[in-house]
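# Coordinate inspection notes
Below, each chain spelled out in residue letters.
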Amino acid sequence: MASLALAITLWHPLPAEAKPSLPKFDAADFSTPKANPYLPLKPGPERRFEGVNRRTGQRESFVLRIVGPGPTILGVATTTQLDEAYVGKWLVERTLDYFAADAEGNVWYFGEDVVNFRYDKTGKLVGKDNHSAWRAGVNGAKPGITMPAATSPGLSLFQEHAPAEGAMDWFEIAARDLSIEGPAGTFSGVLKVYESSTAEPGLREFKYYAPGIGLIRADEELSRRLDSPEIVVELQR
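Because the structure is a prediction, the values reported are computed rather than measured.

Bringing unusual backbone geometry into the picture now. One non-glycine residue, Asp 177, lies in positive phi territory at about 60°. Along the chain, Asp 177 turns up in strand β12 (residues 169-182). Given a relative accessible area of 41%, Asp 177 falls into the partly exposed group.

In structure tokens, the structure reads:
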């Protein structure tokens, strides 16, 4: 596991019941977008993340890549990120995420198209579904902020707000100015973010973002004490 050094800004424990805010959306705020260093939206090569699940012993991985323009949603031109998740050699989820930055540098999340793949014990594909797919403006869904421009510890916002689809992820800024060492090198100025869901409160993870790069690590399936992740996936060289 990568070493982790905390800087001067530390995080307080989460309350028993978080109360994230739903950010106020206005399409006019996106006329002159400003880049966010922690979530760049420029097309580029894929980034691969890998780790071994402590419970199952299986290697899990996913790849991220900004692929270019996405659909216009609620009057805002979005950018598409491709996210493919694997367990062993099997593709288990393919997602197209739709993001856009506003004039302050907040990166908003406008929805996702999802294909989930199911296999039998022999590895034969036995089914697909679109569980958790959603679009802002459809079935009452509203966009959220997935990476804020202001990164003060304690800030808590919905990343997505689609109750009909069970997509209710939220984040809280946990710490900033961290230094992390991993397979891809040593990163400074790292932002640590806690993520969960009001629809599935058992989902608990920390994500780490490096300026100019984006996501570099995720500690997934945390305990109730927010420690002992079942899997740590890290950006590979």
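Once the structure has been displayed, the description carries forward.
Under the counting rule described, the total for this entry stands at 11 aromatic pairs. Arranged with centres 5.5 Å apart and planes meeting at 40°, the rings of Trp 90 and Tyr 119 form a pair that is tilted. Of this pair, Trp 90 sits in strand β5 (residues 90-101) while Tyr 119 sits in strand β6 (residues 107-119); the two residues are 29 residues apart in sequence, bridging distant segments of the chain. Under the relative-accessibility criterion, Trp 90 is labelled partly exposed at 33%.

A few words now on the pairing of strand β9 (residues 142-147). The side chains of a regular strand alternate, first on one face of the sheet and then on the other. Of all six residues making up β9, five are buried, and the element is well covered by its neighbours. In this sheet, strand β11 (residues 160-161) lies alongside β9 in antiparallel orientation, the contact comprising two bridges. Opposite Pro 143, over in β11, you have Glu 160 as the bridge partner.

Another aspect to go through is the nonpolar core. Across soluble globular proteins, nonpolar side chains show a tendency to be buried alongside one another. Formed by 52 residues in total, the largest nonpolar core has its most connected members in Phe 110, Val 190 and Ile 216. Ignoring sequence-local partners within four residues, the contact set of Val 190 consists of Ala 175, Arg 176, Asp 177, Leu 178, Ile 180, Tyr 208, Tyr 209, Ala 210, Pro 211 and Ile 216.

A word on the confidence of the model for the chain. Of all residues in the chain, 92% have pLDDT values of 70 or greater, and the mean over the chain is 92. Low pLDDT, under 50, characterises residues 1-12; the stretch is placed with 36 contacts to residues that sit more than four places away or in other chains.

For Glu 172, the location among the structural elements is in strand β12. What makes Glu 172 buried here is its relative accessible area of 4%. Sequence separation between Glu 172 and Pro 20 is 152 residues, and the spatial gap between their C-alpha atoms is 7.9 Å.

Glancing now at the pairing of β12. Direction of pairing for strand β10 (residues 156-158) relative to β12: antiparallel, over a ladder of three bridges. Residue Phe 158 lies in a different strand from β12, and its bridge partner there is Trp 170. By the bridge criterion, 10 bridges tie β12 to strand β13 (residues 185-197) in an arrangement that is antiparallel. In the sheet register, Glu 181 faces β13, and the bridge partner there is Thr 186. Connecting β12 to the next strand, β13, in antiparallel fashion are two residues.

Another point: the environment of Glu 84. Examined against the element boundaries, Glu 84 turns out to sit in strand β4 (residues 76-87). Put simply, Glu 84 and Ser 61 are 23 residues apart on the chain and 8.4 Å apart in space, counted from C-alpha to C-alpha. Excluding residues that lie within four positions of it along the chain, Glu 84 makes contacts with Ser 61, Phe 62, Val 63, Leu 91, Glu 93 and Arg 94. There is a polar contact of 2.8 Å between the side chain of Glu 84 and the side chain of Arg 94.

According to the stated counting rule, one finds nine salt bridges in the structure shown. The closest approach of N and O atoms between Arg 118 and Asp 129, which form a salt bridge, is 2.8 Å. Pair noted here: Arg 118 is in strand β6 and Asp 129 is in strand β7 (residues 125-129), with a separation of 11 residues, a long-range link. Residue Asp 129 is classed as partly exposed on the basis of its relative accessible area, which comes to 25%. With a closest N to O distance of 3.3 Å, Glu 195 and Lys 207 form a salt bridge. Placement of Glu 195 in strand β13 and of Lys 207 in strand β14 (residues 205-210) is noted, with a sequence separation of 12 residues between them. Lys 207 sits in the buried class, given a relative accessible area of 19%.

How each quantity is defined
- Per chain, the residues get numbers from 1 upward, laid out in the order the sequence is written.
- Per-residue local features are limited, in this predicted model, to residues with pLDDT of at least 70; the limit for side-chain atom pairs, both in listing and counting, is 80 or more; totals at the level of whole chains, interfaces and linings are taken over all residues.
- Side-chain descriptors were evaluated using all non-hydrogen atoms of the structure, hydrogens and water having been removed beforehand.
- Only runs of H or I of at least four residues qualify as helices and only runs of E of at least two qualify as strands under DSSP, and these elements are numbered from the N terminus.
- Residue burial is assigned from relative accessible area. The probe radius is 1.4 Å, only protein chains are included, and a residue is buried under 20% of its type maximum, exposed over 50%, and partly exposed in between.
- When the centres of two rings from Phe, Tyr and Trp lie within 6.5 Å, Trp using its six-membered ring, the rings pair. Their planes under 30 degrees apart give stacked, over 60 give edge-to-face, and anything left gives tilted.
- Strands pair, by our definition, only if DSSP identifies at least two bridges between them.
- What we call a nonpolar core is a set of buried Ala, Val, Leu, Ile, Met, Phe, Trp, Tyr and Cys residues that are connected through their side-chain atoms within 4.5 Å.
- Note on contacts: a residue pair is in contact if any heavy atoms of the two residues lie within 4.5 Å.
- For every residue, the pLDDT score states the predictor's confidence, bounded by 0 at the bottom and 100 at the top.
- By the criterion applied in these results, polar contacts are pairs of N or O atoms within 3.5 Å in which, for protein atoms, one can donate a hydrogen and the other can accept it, and in which residues neighboring in sequence qualify only through two side-chain atoms.
- Counted as salt bridges are all cases of a side-chain nitrogen of Lys or Arg within 4 Å of a carboxyl oxygen of Asp or Glu.

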